[in-house]
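So the chains spell out like this:
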Amino acid sequence: MNIKTPEALAKMAGVLKSRPKPPVQILVSVGTCGLAAGAGAVLKSIYDEIVERRLENAVEVVEVGCMGLCYAEPVIMLNDRRSGKRLIYGDVTPQQVPAIIAAGTDSIAAGTRTIERSWYYPEFEKPEPGELQARIVLRNTGRLNPEKLEQYIENDGYTALAKALTTMTPQQVIDTILASGLRGRGGGGFPTGRKWQFAAAQPAGEKFIICNADEGDPGAFMDRAVLEGDPHSVLEAMAIGGYAIGANTGVIYIRAEYPLAVRRLENAIGQAREAGLLGKNLFGSGFDFDIQIKFGAGAFVCGEETALIHSIEGMRGEPTVKPPFPAVEGLWKRPTVVNNVETFACVAAIIRKGAEWFKSLGTTGSPGTKVFALAGKISKVGLAEVPMGTTLRDIIYRIGDGIRDGRQFKAVQTGGPSGGCITAKNLDLPIDYEALKSIGSMMGSGGMIVMDEDDCMVNIAKFFLEFTLDESCGKCTPCRIGNRRLFEMLEEITDGRGTLETIEKLKALSAIIKDTALCGLGQTSPNPVLSTLANFPDEYIAHVKEGRCPAGVCQKLIHFDISDRCVGCGLCLKNCPVNAISGEKRQRHTIDQSKCIKCGVCFRVCKFHAVDKK
Amino acid sequence: MSCQCGNATPADRAKFEELGKYISSLPIAENPSRSRGFLIQTLHRAQSMFGYLPEEVQKFVAAELKISPADVYGVISFYSFFTDKPLGRHKINVCTGTACFVKGAGKVLEEFKRRLGVSEGETTADGRFFLGALRCVGACSLAPVVMVDDRVYGNMTAEKVADVLAQIAD
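This is a predicted model, so every value here is computed, not measured.

Chemist: Report on the nonpolar core, specifying residues and quantitative values.
Modeler: Counting 147 residues, the largest nonpolar core has Trp196 and Ile254 of chain A together with Phe112 of chain B as its most contacted members. What Trp196 of chain A contacts, discounting residues up to four positions off in sequence, is Val173, Ile174, Ile177, Gly241, Ala244, Ile245, Val337, Asn339, Phe344 and Val347 of chain A. Listed in part, the 46 residues of the second largest apolar core include Val251, Cys302 and Ile309 of chain A together with Val72 of chain B.

What follows is the structure in C-alpha cells.
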C-alpha cells in the first residue's frame with residue numbers, strides 16, 4: 001500500500017467504507033486502565049463466545065483505546081449498524097459476556113451495569129439531551145482500533161494532511177490555525193498559530209516540530225489516552241505543522257512510564273511510513289516529513305519546552321532563559337515548535353472542518369474543547385472533553401456524578417502542582433484559560449483532583465511542595481532553596497509548631513519565588529500555597545492557633561481515644577500494628593498515647609464507633 | 001573502541017558486546033556532532049540489560065558516544081529513572097501522584113516501609129525488594145496504586161500490603 005495522491009487516499013477510504021460489515025459491532029476498551037481492570041479476560045471471553053455461537057460474520061470486535069469511562073472499566077459498547085441502537089456496559093466480567101451477546105442491542109442483559117453515553121462527536125453529530133461532552137480530541141479514542149491504519153483512513157484519516165499539502169500554502173495553514181484561535185493545551189494557552197508563525201518566519205533551513213508527550217502532571221492522563229487510542233491523529237497533525245513551518249523532522253518526546261503508548265506510536269509510525277504517509281514526497285507535493293521518538297527518563301521539569309529540548313539533546317533537562325525562544329533557537333539551535341499532544345489532536349479536525357467550525361465551540365477567548373481528567377474523590381473517575389466555558393458544576397456533578405460516598409465537595413485542584421484550588425463558590429464559573437487564572441488557578445494540562453471534607457488543605461499544599469522539591473532541577477536558587485524553606489514552614493504548621501508569623505513568612509517568600517524563579521515550574525510552585533491560603537485561611541489558623549487539624553489528617557495534631565461506647569470486643573487490640581492498645585475482654589480498652597503511631601486502624605475497624613479521633 | 005571492562009565476567013562481557021552492537025546500530029554517523037542525542041535511549045537500553053548503571057557501563061557509553069564520563073554521570077544523576085546502584089530483585093513502587101495521595105497512598109507507603117524495614121529509595125538487606133515512590137502511572141481510577149515490577153495493584157490499603165508481599169514468590 002502506497003498512497004501517493006489525495007485521490008488514492010479518497011479511493012481507499014471509499015473502498016473501506018463500502019466494505020460489507022457485520023451487523024453488530026462490539027467495542028472493547030483496552031487502554032492501560034482497562035487492561036489493569038481485567039479487559040483482557042473479557043476480550044477473550046467475547047472471542048470465545050463468538051466462536052462458540054458461530055457469530056464470526058454477525059459480530060465485529062474492535063479493540064479500542066480509552067472511552068473515558070475509567071470508573072467502570074472494563075467497558076464494552078455494542079453498536080447495531082441496522083437499527084443504530086447502542087448499549088454501553090461497565091464493570092463487565094467474563095461471566096457476563098454470553099448473556100450480553102445473547103441480548104444484543106434489543107434488551108439489556110440481566111445483572112449488568114449499563115451506562116448512558118454522555119458525549120457526541122461535533123464533526124458528524126448533533127448533541128442529544130444529556131450529551132455534555134463534545135469530542136474532538138477524543139474523536140477516535142475509544143471508537144477505532146489504534147493499531148489499524150485502515151480504520152483511521154476509513155474515518156477521514158490523513159485527509160487533512162492531503163488537503164493541506166495539495167490545496168493550501170504553508171501560510172494558509174498557519175492562517176487557518178490562527179483564525180481558529182487554538183491555544184496550547186499543555187497549560188500555557190499560547191496561541192498555536194502564533195508559535196507556528198514565528199518558526200515559519202525564520203530563514204529556511206533545518207527546523208523541527210516536537211510533540212510534547214511528557215505528560216507529567218500527576219492526575220492528568222488525557223495525552224496517554226490519545227497516544228494509546230488514536231496515535232495517527234498526532235502523526236498527521238505533526239506533518240501538517242511541519243509543512244506549515246518548513247520542518248522535515250518531527251520528534252515525539254514521550255515519558256518512559258507509558259510503555260503501551262510508546263508501542264502504539266511505534267506501530268503507527270511504521271504503518272504510516274509503509275503507506276507513504278510519512279517519508280519522502282508526501283501526496284506528491286515534494287514535502288518530506290518523518291518522525292522519531294525520544295524518551296524521557298523521569299523528570300517533571302522536562303515538560304517545560306527548553307528543558308525538553310535539552311533532554312532530547314542528551315543533556316540534563318534543565319530549562320534556560322527565554323529569549324531566545326525555541327521558535328528562533330530550539331533543538332540543535334534550529335527553529336523549533338513544541339506543541340502538546342492534545343493541541344496536535346485538534347489540528348486535523350480544524351483543517352478538515354475549518355476555523356469557523358472550531359470557533360463555534362467554546363468561548364471567544366478560548367475556542368474549542370478541553371479534555372479534563374477527573375480523579376480524586378469523585379464518583380466517576382475518567383476523561384471528559386467539554387466545550388470551553390462549561391461550568392465546573394456540570395463537569396463534577398453531571399459528568400462526574402458528584403462526590404464519592406455522598407461526601408461534601410470541598411475543593412478541586414486544577415493545573416497540577418503549578419495550579420490552585422477552586423472552592424464551591426466558583427463552581428458555576430464557565431471555565432476557560434482566563435477564567436481559571438482570574439480565580440488563582442490555571443488550566444494546566446487539565447487534571448482535576450476533587451477533594452472532600454476529609455482532605456486537609458495545608459497538607460495538600462505540603463504535598464505539592466514536596467513534589468516540586470523532588471522535581472526542581474536545582475539550577476536557580478529561588479526554586480531550589482526557596483521551595484525547601486516553604487516546605488519546612490508548611491511542615492511546622494502541620495506538626496503544630498507554626499505561628500501566625502509562619503503564615504506571614506509563607507506569603508512573603510511565595511511572592512519572592514514567583515517573581516524570581518527561572519522557569520515556569522519555579523515561578524508557579526508557590527501557587528498551591530497561595531491558593532489554599534486565600535481560600536482556606538481558617539484551616540491554616542486552626543493549625544497554628546488551636547493546634548487542631550479540622551480535617552483530622554495531620555498526624556501530629558490528632559489523637560485517638562476509646563470512649564465508653566467500647567464493648568471490649570478486642571478488634572482494635574488485635575489490629576493495632578504497634579500493640580498500643582490494652583484491655584480485658586468485655587472491658588473498655590485504652591490506648592497508650594506514647595506508643596500510638598496514629599495510623600487510624602483502630603478508628604477504621606471499630607464496629608461500635610467507640611474510637612474518637614480528635 | 002574496545003571494551004574497558006577489565007575483569008568482567010563472561011556474562012558481563014556478553015552484555016557489553018550487545019550494548020556496543022546497539023550503539024553501532026544507531027545512525028550516529030549521519031551527524032557525529034549530535035551523538036549526545038542518543039545518550040538517554042542508550043542508557044535506557046543499558047539499564048534494562050544490567051539492571052543498573054555501574055561506573056564501568058557509564059565509562060563504556062561515554063567512550064562509545066565520544067562524550068565525557070562526567071556528562072554521562074550528570075545525566076544519570078538528574079533523571080529519576082536511572083540508577084547507579086543495584087536495586088532489589090522486585091521493585092515495589094507506590095504511586096504518590098495527586099489522585100493516589102488524596103486517596104491514602106501515604107499510609108500504604110508507610111506500611112511497606114514498616115514491613116520491609118527500609119526507607120523510600122532503599123533495597124532490603126537480602127536484596128529481595130526495592131521500595132520506591134513514583135509519580136502517577138495514569139491509572140487514577142484505581143487509586144491508590146502500587147506497581148510491583150510490571151504489575152499494577154489498584155485500590156490499595158495499608159491492610160492489603162501484607163497480601164501483596166505474600167504474593168511475591170522469591
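Now that the structure has been shown, the text picks up again.
Chemist: Got a sec to walk through the packing of helix 7 (residues 170-180) of chain A against helix 10 (residues 231-245) of chain A? Specific residues and values, please.
Modeler: Residue and element names in this part refer to chain A. For the pair helix 7 and helix 10, interaxial distance at closest approach is 7 Å and the crossing angle is 120 degrees. With respect to helix 10, the element helix 7 is oriented oblique. The chirality of how helix 7 crosses helix 10 is left-handed. Contacts from Pro170, Val173 and Ile174 in helix 7 reach Ile240, Tyr243 and Ala244 in helix 10. Across the contact of helix 7 with helix 10, the residue classes break down as 6 nonpolar, no polar and no charged.

Chemist: So what's going on with the pairing of strand 9 (residues 249-254) of chain A? Residues and values would help.
Modeler: Residue and element names in this part refer to chain A. Of all 6 residues making up strand 9, 5 are buried, and the element is well covered by its neighbours. Inspection of the sheet shows strand 9 paired to strand 10 (residues 290-295) by 6 bridges, in the parallel sense. Within strand 10, the residue paired with Ile252 across the bridge is Ile293. In this fold, the crossover linking strand 9 to strand 10 by way of helix 11 (residues 259-274) has right-handed handedness.

Chemist: Tell me about unusual backbone geometry, and please be specific about residues and values.
Modeler: Residue and element names in this part refer to chain A. The step from Lys322 to Pro323 runs through a cis peptide bond, and the omega angle for that step is -5 degrees. A cis amide bond links Pro323 with the next residue in sequence, Pro324, at an omega value of 5 degrees. With respect to the helices and strands, Pro324 occurs in the loop between helix 12 (305-312) and strand 11 (336-340). Not every positive phi belongs to a glycine, and Arg54 is a case in point at roughly 50 degrees. Here Arg54 shows up in the loop between helix 3 (39-52) and strand 2 (59-64).

Chemist: So what's going on with the domain arrangement of chain B? Which residues, and what values?
Modeler: On domain assignment, one finds that chain B holds domain 1 (10-78) and domain 2 (90-166). For domain 1 of chain B and domain 2 of chain B, the distance between their C-alpha centres works out to 31 Å.

Chemist: Explain the interface of chain A and chain B to me, using residue names and the numbers behind them.
Modeler: On the side of chain B, 34 residues touch chain A, which itself brings 53 residues to the contact. In this assembly, chain A packs against chain B so that about 3600 Å² is buried in total across both faces, 61% of it on carbon and sulfur atoms. Of all residues in chain A, Ala297, Arg316 and Phe463 of chain A bury the most surface against chain B, accounting for 17% of the area lost on that side. The closest approach of N and O atoms between Arg34 of chain B and Glu206 of chain A, which form a salt bridge, is 2.7 Å. Our enumeration of links across chain A and chain B arrives at 16 residue pairs in polar contact (both at pLDDT 80 or more). Sorting the residues of the side of chain A that touches chain B by element identifies helix 2 (32-37), strand 10, helix 12, strand 12 (369-376), strand 16 (447-452), helix 17 (457-471) and helix 24 (601-605) of chain A as the ones contributing at least two each. No other element matches the 8 residues that helix 17 of chain A contributes to the side of chain A that touches chain B.

Chemist: Summarise the environment of Pro319 of chain A; cite the residues concerned and give the values.
Modeler: Residues and elements named next belong to chain A. Within the secondary structure, Pro319 is located in the loop between helix 12 and strand 11. According to the relative accessible area criterion, Pro319 is buried, its value standing at 1%. Separated by 266 residues in the primary sequence, Pro319 and Arg53 place their C-alpha atoms 59 Å from one another. With residues near it in sequence (within four places) discarded, Pro319 still touches Val301, Glu304, Thr306, Ala307, His310, Cys473, Lys475, Leu518 and Cys519.

Chemist: Give me helix 15 (residues 392-399) of chain A: which residues, what numbers.
Modeler: All names here are of chain A. Taken residue by residue, helix 15 has Leu392, Asp394, Ile395, Ile396 and Ile399 as its buried positions. Contact partners of the buried residues in helix 15: strand 7 (133-134), strand 12, strand 13 (382-387), strand 14 (409-414), strand 15 (420-423) and strand 16. Count one or two residues on from helix 15 and you reach Asp401, which has phi positive near 60 degrees.

Chemist: Describe helix 1 (residues 6-18) of chain A, listing the residues and the values that go with them.
Modeler: Residue and element names in this part refer to chain A. Helix length check: helix 1 (13 residues) gives 18 Å between terminal C-alpha atoms against 18 Å at 1.5 Å per residue, within 8%. Among all positions of helix 1, only Leu9, Met12, Ala13 and Leu16 are buried. One side of helix 1 carries all its buried residues, which in axial view fall inside an arc of 100 degrees. Helix 1 presents Glu7, Lys11, Val15 and Ser18 as exposed residues on the side facing more than 90 degrees away from its buried surface. The inward-facing, buried residues of helix 1 contact helix 5 (149-154) and helix 6 (159-167).

Chemist: Outline the sheet that holds strand 4 (residues 146-148) of chain B, listing residues and values.
Modeler: All names here are of chain B. Strand order in the open sheet made by the 5 strands is 2-3-1-4-5, with mixed pairing throughout. Of all the strands in the sheet, just strand 2 (122-123) and strand 5 (151-153) have a single pairing partner and so form its edges. Two elements, strand 4 and strand 5, share 3 bridges in a ladder whose sense is antiparallel. Of the residues in strand 5, the one forming a bridge with Met147 is Val152.

Reading guide: rules and limits
Residues numbered from 1 in each chain as written. Chains lettered and ligands numbered in written order. Predicted model: local features only at pLDDT ≥ 70, side-chain atom pairs only at ≥ 80, totals over all residues. Heavy atoms only, no water. Core = buried A, V, L, I, M, F, W, Y, C linked by side-chain atoms within 4.5 Å. Buried < 20%, exposed > 50% of the residue type's maximum accessible area, 1.4 Å probe, protein only. Contact = heavy atoms within 4.5 Å. Axes fitted to C-alpha atoms, helices over the stretch in contact; angles between N-to-C directions. Helix = DSSP H or I, 4+ residues; strand = E, 2+ residues; numbered from the N terminus. Parallel < 35°, antiparallel > 145°, perpendicular 65-115°, else oblique. Left-handed = near helix turned anticlockwise from the far one by under 90°. Nonpolar A, V, L, I, M, F, W, Y, C, P; charged D, E, K, R; others polar. Pairing = 2+ DSSP bridges. Right-handed = clockwise from strand over helix to strand, strands pointing away. Domains from an automatic or database assignment. Buried area = accessible area lost by both parts, 1.4 Å probe. Salt bridge = Lys/Arg side-chain N within 4 Å of Asp/Glu carboxyl O. Polar contact = N/O pair within 3.5 Å; in protein donor to acceptor, adjacent residues only side chain to side chain. Expected span 1.5 Å × (residues − 1). Arc of directions from axis to C-beta.

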